Amino acid sequence: MAGEWHAERDWPLLTQGLAGRLRQDCMKQWLDFVEHPFVHGVANGTLAEGAFRNFLIQDYLYLIQYARACALLVHKSDTLAAMRHAAGLLSGILDTELSMHVGYCRQWGIGESALEQAEESIELLAYSRFILDRAQTGDMLDLLVTLAPCLIGYAEVGARLHASPRTLREGNPYWSWIALYGGGDYTALVEDGIRRLDEVGAACGAQARYPSLLREFTTAVRLETVFWTTARSD
């Protein structure tokens, strides 16, 4: 099924710089991620709604761990400008993205109390603790590389599905999710993140460290792929 949902839209930043090189060098695993059955179920509206609700709950719990990683990104920063940038990411998650996610979950009949009482899945535990391990034991570049598959992967999925004529729009309960990740606001966020990864990579010797960075990136891609399977029907 490789390439079946490729977007018509040209997005050069996905293929350039450090992010583009990492993506290209683990393309087999990358395609498993962005062309997962979950993605196709969202595109044609056939994914079971109960499964999507489970995914939304686990995604909320993931955002909490993502915020913790961003807090460590502040700590790992070696300049005031870098600290402010990382603090802005953290604030965006805590003050904006989590609130938006709670509101979106409410539209799916999931109350905030249900989100707070939910248990982390095995898939989430494996993925989030890998990220936090790299956040604690690595430097800022390690952490940004580990977070990159989530950032750019959802953008690629959104861009592909948003552009594809095969994506169901009318009557698709997941169209709003597709529109979010294929929209301009998220695209701008991703492009900022890609440029930031290049800046940090240049400052932290990404070229000399590339083999270890690729291992980190590939592991995160594999864990992202497994995370789709949290979308299981009750």
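Details of the structure are given in the entry above.
Residues numbered from 1 in each chain as written. Predicted model: local features only at pLDDT ≥ 70, side-chain atom pairs only at ≥ 80, totals over all residues. Heavy atoms only, no water.

(A) Representation of the nonpolar core. Among the nonpolar cores identified, the biggest contains 81 residues, and Phe38, Phe52, Phe55, Ile152, Tyr154, Trp177 and Phe217 are the most heavily contacted of them. Setting aside its immediate chain neighbours within four residues, phenylalanine 52 contacts Phe38, Leu47, Tyr104, Trp108, Tyr174 and Trp177. (Core = buried A, V, L, I, M, F, W, Y, C linked by side-chain atoms within 4.5 Å. Buried < 20%, exposed > 50% of the residue type's maximum accessible area, 1.4 Å probe, protein only. Contact = heavy atoms within 4.5 Å.)

(B) Fine view of the packing of aromatic side chains. Applying the stated criterion across every chain, the model contains 25 aromatic pairs. Both rings, one in phenylalanine 55 and one in tryptophan 228, keep their centres 5.8 Å apart while their planes meet at 35 degrees; by these two values the pair is tilted. Taken together, the residues span a long stretch of sequence, with phenylalanine 55 in helix α4 (residues 49–76) and tryptophan 228 in the segment after α11 (210–227) at a distance of 173 residues. Per residue, the accessibility class of phenylalanine 55 equals that of tryptophan 228, and both read buried. Aromatic side chains tyrosine 127 and phenylalanine 227 sit 6.3 Å apart centroid to centroid with 50 degrees between the ring planes, which places their arrangement in the tilted category. Taken together, the residues span a long stretch of sequence, with tyrosine 127 in helix α7 (residues 122–137) and phenylalanine 227 in helix α11 at a distance of 100 residues. For the residue pair tyrosine 127 and phenylalanine 227, the accessibility class agrees, reading buried in each case. The ring centre of tyrosine 210 lies 3.5 Å from the NZ or CZ of arginine 21, which sits over that ring. (Phe/Tyr/Trp six-rings, centres within 6.5 Å; stacked < 30°, edge-to-face > 60°. Helix = DSSP H or I, 4+ residues; strand = E, 2+ residues; numbered from the N terminus. Lys NZ or Arg CZ within 6 Å of the ring centre and 35° of its normal.)

(C) Main features of the pattern of salt bridges. All told, the structure shown has 13 salt bridges when counted by the stated rule. Residues arginine 23 and glutamate 156 are paired through a salt bridge, measuring 2.9 Å at the closest nitrogen-oxygen approach. You can see arginine 23 sitting in helix α1 (residues 17–25) and its partner glutamate 156 sitting in helix α8 (residues 140–163), a full 133 residues away along the chain. Owing to a relative accessible area of 10%, arginine 23 belongs among the buried residues under this scheme. Assessed through its relative accessible area of 4%, glutamate 156 is described here as buried. Salt-bridge contacts for glutamate 49 lead to arginine 53; the nearest nitrogen and oxygen are separated by 3.8 Å. Residue glutamate 49 and its partner arginine 53 are both found in helix α4; the two are separated by 4 residues, about one turn of the helix. We classify glutamate 49 as partly exposed; its relative accessible area is 37%. Residue classification places arginine 53 among the partly exposed positions, given a relative accessible area of 30%. Ionic contacts of the salt-bridge type, sharing partners, join the residues Asp133, Arg134, Asp139, Asp142, Arg209 and Glu216 into one network. (Salt bridge = Lys/Arg side-chain N within 4 Å of Asp/Glu carboxyl O.)

(D) View of the packing of α8 against helix α10 (residues 184–203). Across the interface, α8 lies against α10 with an axial gap of 10 Å and an inter-helix angle of 155 degrees. On the basis of their axis angle, the class for α8 and α10 is roughly antiparallel. Like other packed secondary-structure pairs, α8 and α10 cross with a definite hand, here left-handed. When α8 is examined against α10, the residues Met140, Leu141, Leu144, Val145, Ala148, Cys150, Leu151, Ile152, Tyr154 and Ala155 are found in contact with a partner set consisting of Tyr186, Leu189, Val190, Gly193, Ile194, Arg196, Leu197, Val200 and Gly201. Along the lines of polarity and charge, the residues of the contact of α8 with α10 split into 16 nonpolar, 2 polar and 1 charged. (Axes fitted to C-alpha atoms, helices over the stretch in contact; angles between N-to-C directions. Parallel < 35°, antiparallel > 145°, perpendicular 65-115°, else oblique. Left-handed = near helix turned anticlockwise from the far one by under 90°. Nonpolar A, V, L, I, M, F, W, Y, C, P; charged D, E, K, R; others polar.)

(E) A look at the environment of isoleucine 194. Relative to the elements of secondary structure, isoleucine 194 occurs in helix α10. Accessibility expressed as a relative area gives 1% for isoleucine 194, which makes it buried. Between the C-alpha atoms of isoleucine 194 and aspartate 25, which are 169 residues apart in sequence, the distance is 16 Å. With sequence-adjacent residues up to four places away left out, isoleucine 194 is seen in contact with Leu13, Leu14, Ala19 and Ile152.

(F) The arrangement of the environment of glycine 109 in detail. For glycine 109, the position within the fold is in the loop between α5 (80–107) and α6 (112–117). Residue glycine 109 is classed as exposed on the basis of its relative accessible area, which comes to 68%. It is 37 Å that separates the C-alpha atoms of glycine 109 and arginine 195, two residues lying 86 residues apart in sequence.

(G) View of the side chain of glutamate 216. Inspection of the secondary structure puts glutamate 216 in helix α11. With residues near it in sequence (within four places) discarded, glutamate 216 still touches Phe130, Arg134, Asp142, Val145 and Thr146.

(H) Inspection of the packing of α1 against α11 at higher detail. Their axes nearest at 10 Å, the elements α1 and α11 cross at an angle of 70 degrees. Taken as axis vectors, α1 and α11 run roughly perpendicular relative to one another. The handedness of the crossing between α1 and α11 comes out as right-handed. From α1, Leu18, Arg21, Leu22, Arg23 and Asp25 reach across to α11, where they touch Tyr210, Leu213, Leu214 and Phe217. Residues belonging to the contact of α1 with α11 are distributed by class as follows: 6 nonpolar, no polar and 3 charged.

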